[in-house]
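# Summary of structural features
The lines below spell out each chain.
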Amino acid sequence: VDAIYTDACKGDGELMEVGPGIDDLAAALLRQPGPRASGPVETTFGGYPAIRIDVTVPEGVDLKACNLQGIGLQIWYSPPADKYFVLLRGGIASVYIVDVDGQRQVFLTQYGSAASDEDLRRLQAVLDSIRIEP
């Protein structure tokens with residue numbers, strides 16, 4: 001992820017370049033208009049230092065006025081991977097920004113507000129099973 005949208009509601013618009021460090025992406029996500037972002041939470045991921053930023057769609061946001069017409073907010077588009085991150089209505093997402101020997105790696109989870117405790121335990125088990133080999 002080298003850039004995020006300057007306005008997540010507009011999406012498909014102007015992209016803001018993000019510096020190469022894990023702190024650069026964390027700061028950009030915390031400043032991005034549209035989603036509610038919390039953190040940063042210092043953690044580890046796959047055995048490496050990481051930062052977690054949690055994002056949700058704030059109550060009262062009129063998603064029908066946004067580019068995706070009610071689906072959610074466009075957080076980023078990554079041209080090298082040809083992948084979008086769309087924060088869905090009612091979604092709870094965590095962005096794990098990992099420092100792998102000076103290279104930034106990004107992992108994303110997203111689940112609905114109706115996820116059960118068992119669903120969340122299974123998600124955490126998957127995350128805990130990830131090992132990164134540089």
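Going by the structure above, here's the rest.
Everything quoted here is computed from the prediction, not taken from an experiment. (Residues numbered from 1 in each chain as written. Predicted model: local features only at pLDDT ≥ 70, side-chain atom pairs only at ≥ 80, totals over all residues. Heavy atoms only, no water.)

Okay, the nonpolar core next. Judged by nonpolar contacts, the single largest core of 22 residues is most densely connected at Leu29, Leu73, Ile75, Phe85, Leu87 and Ile97. When contributions to this core are tallied by element, the ones reaching two or more residues are α1 (22-31), β4 (48-56), β5 (72-78), β6 (83-88) and β7 (91-100). The leading source of residues in this core is α1, at 5 residues. Residues in contact with Leu73, not counting those within four places in the same chain, are Ala8, Cys9, Gly34, Pro35, Val57, Leu63, Cys66, Leu68, Phe85, Val86 and Leu87. Formed by 8 residues, the second largest nonpolar core is a distinct cluster that contains Ala50, Tyr96, Val100 and Leu127. (Core = buried A, V, L, I, M, F, W, Y, C linked by side-chain atoms within 4.5 Å. Buried < 20%, exposed > 50% of the residue type's maximum accessible area, 1.4 Å probe, protein only. Helix = DSSP H or I, 4+ residues; strand = E, 2+ residues; numbered from the N terminus. Contact = heavy atoms within 4.5 Å.)

With that settled, the discussion passes to the pairing of β7. Counting buried positions along β7 yields 8 of 10 residues, so the element is predominantly enclosed. Pairing analysis gives 10 bridges linking β7 to strand β8 (residues 103-112), with the strands arranged antiparallel. From the neighbouring strand, Val95 faces β8, where its bridge partner is Leu108. In this antiparallel pair of consecutive strands, β7 and β8, the connection spans 2 residues, and Asp101 shows a positive phi of 50 degrees. (Pairing = 2+ DSSP bridges.)

Glancing now at the state of the cysteines. In this structure the tally under the stated criterion is 1 disulfide. Across the disulfide from Cys9 sits Cys66; the S-S distance is 2.0 Å. The S-S bond linking Cys9 to Cys66 shows a torsion near -105 degrees; that makes this disulfide left-handed. Of this pair, Cys9 sits in the loop between β1 (3-5) and β2 (15-17) while Cys66 sits in the loop between β4 and β5, and the two are 57 residues apart along the sequence. Relative accessible area serves as the criterion here: at 22%, Cys9 is assigned to the partly exposed category. (Disulfide = S-S within 2.5 Å.)

Glancing now at the pattern of salt bridges. Applying the stated criterion across every chain, the model contains 3 salt bridges. Its salt-bridge partner being Asp54, residue Arg52 comes within 3.0 Å of it at the nearest N-O pair. With relative accessibility at 23%, the residue Arg52 sits in the partly exposed group. Residues Arg121 and Glu118 are paired through a salt bridge, measuring 3.1 Å at the closest nitrogen-oxygen approach. Linking Arg121 with Glu118, this pair stays in helix α2 (residues 117-129), spanning 3 residues, or about one helical turn. (Salt bridge = Lys/Arg side-chain N within 4 Å of Asp/Glu carboxyl O.)

What follows concerns the sheet that holds β7. What the 4 strands build is an open sheet, ordered β3-β4-β7-β8; its pairing is antiparallel. Of all the strands in the sheet, just β3 (36-45) and β8 have a single pairing partner and so form its edges. Sheet twist, expressed as the mean angle between neighbouring strand axes with direction ignored, is 20 degrees. In the packing of α1 onto the sheet, the strands contacted are β3, β4, β7 and β8, and the crossing angle to β7 comes to about 160 degrees. (Axes fitted to C-alpha atoms, helices over the stretch in contact; angles between N-to-C directions.)

Counting across every chain of the model gives 4 aromatic pairs. Arranged with centres 5.1 Å apart and planes meeting at 45 degrees, the rings of Phe45 and Tyr96 form a pair that is tilted. Here Tyr96 lies in strand β7 and Phe45 lies in strand β3, a separation of 51 residues in the sequence. Ring-pair connections join several aromatic residues into one group, and the members of that group are Phe45, Tyr96 and Phe107. (Phe/Tyr/Trp six-rings, centres within 6.5 Å; stacked < 30°, edge-to-face > 60°.)

Another point: unusual backbone geometry. Leaving glycine aside, a negative phi is the common case for residues, and trans is the common case for peptide bonds. The omega torsion of the bond from Gly39 to Pro40 falls at 5 degrees, within 30 degrees of zero and hence cis. Mapped onto the fold, Pro40 is located in strand β3. Positive phi, normally seen in glycine, also occurs at Gln69, with a value near 50 degrees. Structurally, the position occupied by Gln69 is in the loop between β4 and β5. Here Gln69 falls in the exposed class, since its relative accessible area comes to 64%. Not every positive phi belongs to a glycine, and Asp101 is a case in point at roughly 50 degrees. Structurally, Asp101 is set in the loop between β7 and β8. A relative accessible area of 58% means that Asp101 is categorised as exposed.

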